[in-house]
Amino acid sequence: AVVNNIVTHVDSRWASFLSPTAHSLSHRQGSGGLKPVSLAVERTETANSAVPARSPPTRSAGAIPRGSTMGLLGRIFGGDKGPADPPALRQEIEKAMNGLAAVTAAHDGTWHLGEADWSLDQDVGNLVFTTPQGMRAVAPAQIIASYNTQDGTWLWGWDHPSVAPALAKDAKKMLAYGQKHGYAKLTTRKLQITEDEAWELTALAFLICGSNGAYRGPVGTALVFMTFGEVQLSKTT
């Protein structure tokens, strides 16, 4: 399928999310989970390479369950890890995770990020949140990667067939950073990692690129990991 001149490799599970003209995601609050910080699936890469176009509303992507900020923080710091990272990289990741946990808690406490519905239009480049309290939060977005929950693979946005170039800039910064420091995790297009490690890489992007927050958007069996910039708040009613 081709969406706005971006080639995607999808199976039948993704057909209902695609349209020939739109290039956006829209989901409602639910079980996706905000970590500290959240794209799409291939045939062997089906769960990773297809960033759905305009999708029908479903429950949210990166939101924590209502009233469970502690559960969010637990997910940030808990879980299994893959092979050990180089000490310098591990130190940066720990710093990033701590920073992102604090920022996420601040967003959730200020405008209820964990309860928000969300939408992303790659053509516009904005991540839009709306909350049950009548708040609307808009921020420029970057897509860091997609994660296939079925086979545990991560596909970087810097070489992703379904990510608009304008939304892959920060992912490309991560590639350059990895090349500079010799971090294979940042320069290998597709990784076999845990979901907790996916959060860690997103947190690292948040830190290295100077983002204002991060979010995870589930779409079917895939997760879209995103960072976002300065948030503009307004009332929806």
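Residues numbered from 1 in each chain as written. Predicted model: local features only at pLDDT ≥ 70, side-chain atom pairs only at ≥ 80, totals over all residues. Heavy atoms only, no water.

Trainee: Explanation requested: the overall build of the protein chain in the structure shown.
Mentor: A count of helices and strands for the protein chain gives 6 helices and 12 strands. Across the 237 residues of the protein chain, 57% fall into the buried class. Of the roughly 9500 Å² that the protein chain leaves accessible, carbon and sulfur atoms contribute 55%. (Helix = DSSP H or I, 4+ residues; strand = E, 2+ residues; numbered from the N terminus. Buried < 20%, exposed > 50% of the residue type's maximum accessible area, 1.4 Å probe, protein only. Areas by Shrake-Rupley, 256 points an atom, 1.4 Å probe, with all protein chains shown as cover.)

Trainee: Whenever I open this one, the pattern of salt bridges confuses me. Can you help?
Mentor: For side chains bearing opposite charge, pairing can occur when the charged atoms are close. A complete count under the given rule lists 8 salt bridges for this structure. Here Asp170 makes a salt bridge to Lys173, at a shortest N to O gap of 3.6 Å. One end of the pair is Asp170 and the other is Lys173, both in helix H4 (residues 169-181) and 3 residues apart, which spans about a single turn. Since its relative accessible area comes to 9%, Asp170 is described here as buried. (Salt bridge = Lys/Arg side-chain N within 4 Å of Asp/Glu carboxyl O.)

Trainee: I keep staring at H4 and nothing clicks. Help me out?
Mentor: Between its first and last C-alpha, H4 extends 19 Å over 13 residues, near the 18 Å set by a 1.5 Å rise per residue. Those residues of H4 that fall on the buried side of the exposure criterion are Asp170, Ala171, Met174, Leu175, Tyr177 and Gly178. Around the axis of H4, the buried residues are gathered within 165 degrees of arc, so they sit on the same side. Counted as exposed and oriented over 90 degrees from the buried face of H4: Lys169, Gln179 and Lys180. Within two residues after H4, Gly182 carries a phi angle of roughly 75 degrees, on the positive side. (Expected span 1.5 Å × (residues − 1). Arc of directions from axis to C-beta.)

Trainee: Just to check I follow, could you spell out the nonpolar core for this structure?
Mentor: A general tendency of soluble globular proteins is for nonpolar side chains to be buried together. By size, the foremost hydrophobic cluster in this structure holds 30 residues, and its most contacted members are Trp154, Trp156 and Leu186. Trp156 has contacts with Ile144, Ala145, Met174, Lys185, Leu186, Thr188, Arg189, Leu191 and Leu201, leaving out every residue within four places of it along the chain. In this structure, Trp111, Leu113, Val224 and Phe228 belong to the second largest nonpolar core, which totals 20 residues. (Core = buried A, V, L, I, M, F, W, Y, C linked by side-chain atoms within 4.5 Å. Contact = heavy atoms within 4.5 Å.)

Trainee: Whenever I open this one, the packing of aromatic side chains confuses me. Can you help?
Mentor: Aromatic ring pairs are reported here in terms of the distance separating the ring centres and the angle at which the planes meet. For the structure shown, the criterion picks out 9 aromatic pairs. For the ring pair Trp199 and Phe225, a centre distance of 5.1 Å and an interplane angle of 85 degrees mean the geometry is edge-to-face. Note that Trp199 is positioned in helix H6 (residues 195-208) and Phe225 in strand E11 (residues 222-228), a separation of 26 residues in sequence. By way of ring pairs, the aromatic residues Trp111, Trp118, Phe129, Tyr215 and Phe228 are connected into one cluster. (Phe/Tyr/Trp six-rings, centres within 6.5 Å; stacked < 30°, edge-to-face > 60°.)

Trainee: Got a minute to help me understand the environment of Phe228 in this structure?
Mentor: With respect to the element layout, Phe228 can be found in strand E11. Ignoring anything within four residues of it in the chain, the contact list for Phe228 reads His107, Leu127, Ala139, Pro140, Ala141, Ser211, Asn212, Gly213, Ala214 and Tyr215.

Trainee: Help me out: how do you make sense of H6 in this one?
Mentor: Helical geometry: 3.6 residues make up each α-helical turn, so side chains three or four residues apart lie on a common side. Between its first and last C-alpha atoms H6 spans 20 Å; for 14 residues at 1.5 Å apiece the expected length is 20 Å, and the two agree. Buried within H6 are the following residues: Asp196, Glu197, Ala198, Trp199, Glu200, Leu201, Thr202, Ala203, Leu204, Ala205 and Phe206. Where H6 ends, the next residue or the one after it, Gly210, has phi of about 65 degrees, a positive value.

Trainee: What's the story with the confidence of the model for the protein chain in this structure? I'm lost.
Mentor: Any segment with low pLDDT has predicted coordinates that should not be analysed in fine detail. Averaged over every residue, the pLDDT of the protein chain is 74; residues scoring 70 or more account for 65%. This model gives residues 1-24 a pLDDT under 50, and the stretch forms 80 contacts once residues within four places in sequence are excluded. Within the model, the stretch residues 49-82 combines pLDDT values under 50 with 143 contacts to residues more than four positions away or in other chains. (pLDDT = per-residue confidence, 0-100.)

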